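# Inside the fold
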Amino acid sequence: MIPTRSLPTVVVLAAGGGTRFEGAGPKLGQTLGPASVLAHTLDAVVSAGMPLVVVTVAALVDVARSVVASRDIILLPPVGSASREPLGVGFSIAAGVSARPHVPGWLILPGDMPLVRPETLRAVARALDSAPVAYAQHRGRQGFPVGLSAELYSELVLLSGEEGLRRLLVRYPSNAVEVTDPGVLQDINTTADLERLRASSTVVAWQQSVSAGQPNEA
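Please read all numbers here as calculations on a predicted model, not as lab measurements.

## Brief notes about the side chain of Asp112
Inspection of the secondary structure puts Asp112 in the loop between strand S6 (105–110) and helix H4 (118–127). Since its relative accessible area comes to 8%, Asp112 is described here as buried. Within the structure, Asp112 has its side chain in polar contact with the side chain of Lys27 (distance 2.9 Å). What Asp112 contacts, discounting residues up to four positions off in sequence, is Lys27, Leu28, Val37, Gln186, Asp187, Ile188 and Asn189.

Dropping the structure here:
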């Protein structure tokens, strides 16, 4: 087994406003099978045996603590608050990377992607050995996680507001990791997205494999 200290750290983004989700309560706290959306995402990282940090807001701290230790939780003000910080996905990435500066790299994973498989995370981590950027793709479509090597630290910590990773993906050589994991494309933006996932055959098969203790291979 690869020592944890030699693996990139997974930065789970769970601080977004979720403005398109009109359900009761935060979308990451919604149930999907036996647990919340965020708990499933975090469970995948834990099952992959990779270090992680969760960038989140107060409303989701208890959900995060149900899976990870408090030391692995970075608390941000909610988007739209009176904070002077330029909050958004870029700021969340910068906060997570800054919290783990002395690691081989980072995998960026949105918290609303609960079906990403542990094997996919490990495959993207391995791809960083030969390129500064790597990302999962399914049937030729780019998805998450996105892996970033340690050499990009100085750029990542300067991200702010809603500035994402597109600029880095364009500027640096990257490895596209083709996987048989549709979860790399399945995020949750609306209540309709959540209901489709709850009803999908992918989720049913995934829940059965979890119950049986059988891993899904990427």
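So, next bit.
## Overview of the packing of helix H1 (residues 37–47) against H4
Following both chains from N to C, one finds H1 and H4 inclined at 60°, their axes separated by 8 Å at the closest point. In terms of orientation, H1 lies oblique with respect to H4. Once H1 is placed against H4, the crossing between them reads as right-handed. Facing Ala44, Val45 and Ser47 of H1, the residues of H4 in contact are Pro118, Leu121 and Arg122. Tallied by class, the residues present in the contact of H1 with H4 amount to four nonpolar, one polar and one charged.

## Let's talk about the sheet that holds strand S5 (residues 73–75)
Here seven strands make up an open sheet; going across it, the order is S5-S4-S1-S6-S8-S7-S9 and the pairing mixed. The sheet is open, and its two borders are formed by S5 and strand S9 (174–178), each paired with just one other strand. Within this sheet the neighbouring strands show an average axis-to-axis angle of 25°, counted without direction. This element, H1, spans strand S1 (9–14), strand S4 (52–56) and S6 of the sheet and lies at about 175° to S1.

## Some details on H4
Burial runs high along H4: eight of the 10 residues are buried. Buried within H4 are the following residues: Pro118, Glu119, Thr120, Leu121, Ala123, Val124, Ala125 and Ala127. On its buried face, H4 is in contact with H1, S6, strand S7 (133–138), strand S8 (141–149) and S9.

## Overview of the pattern of salt bridges
Proximity of charged atoms lets side chains of opposite charge pair with each other. Following the criterion strictly, the structure yields nine salt bridges and no others. For Lys27, the salt bridge is made with Asp112, and the minimal N-O distance between the two is 2.9 Å. With Lys27 in the loop between S1 and strand S2 (31–32) and Asp112 in the loop between S6 and H4, the pair connects residues that are 85 residues apart, well separated along the chain. Note on Lys27: relative accessible area 16%, which makes it buried. The structure contains a network of salt bridges with shared partners spanning Glu155, Glu163, Arg167 and Arg171.

## Some details on the nonpolar core
Counting residues in hydrophobic clusters, the biggest one holds 67 residues, and the most contacted among them are Leu38, Met50, Leu121, Leu148, Leu156 and Leu165. Contact partners of Met50, with chain neighbours within four places excluded, come to Leu7, Pro8, Val10, Val45, Leu107, Leu121, Arg122 and Ala125.

## Section: the pairing of S4
Side chains on a regular strand alternate between the two faces of the sheet. The buried fraction of S4 is high, at five of five residues. Side chains of S4 alternate between two faces, with Leu52, Val54 and Thr56 and Val53 and Val55 buried alike. Two elements, S1 and S4, share five bridges in a ladder whose sense is parallel. Each bridged residue has a counterpart across the sheet, and for Leu13 the counterpart in S4 is Val55. Taken together, the three bridges between S4 and S5 define a ladder with parallel strand orientation. Bridge assignment links Val55 to a residue of S5, and that residue is Ile74.

Reading the values: rules and limits
- Residues numbered from 1 in each chain as written.
- Predicted model: local features only at pLDDT ≥ 70, side-chain atom pairs only at ≥ 80, totals over all residues.
- Heavy atoms only, no water.
- Helix = DSSP H or I, 4+ residues; strand = E, 2+ residues; numbered from the N terminus.
- Buried < 20%, exposed > 50% of the residue type's maximum accessible area, 1.4 Å probe, protein only.
- Polar contact = N/O pair within 3.5 Å; in protein donor to acceptor, adjacent residues only side chain to side chain.
- Contact = heavy atoms within 4.5 Å.
- Axes fitted to C-alpha atoms, helices over the stretch in contact; angles between N-to-C directions.
- Parallel < 35°, antiparallel > 145°, perpendicular 65-115°, else oblique.
- Left-handed = near helix turned anticlockwise from the far one by under 90°.
- Nonpolar A, V, L, I, M, F, W, Y, C, P; charged D, E, K, R; others polar.
- Pairing = 2+ DSSP bridges.
- Salt bridge = Lys/Arg side-chain N within 4 Å of Asp/Glu carboxyl O.
- Core = buried A, V, L, I, M, F, W, Y, C linked by side-chain atoms within 4.5 Å.

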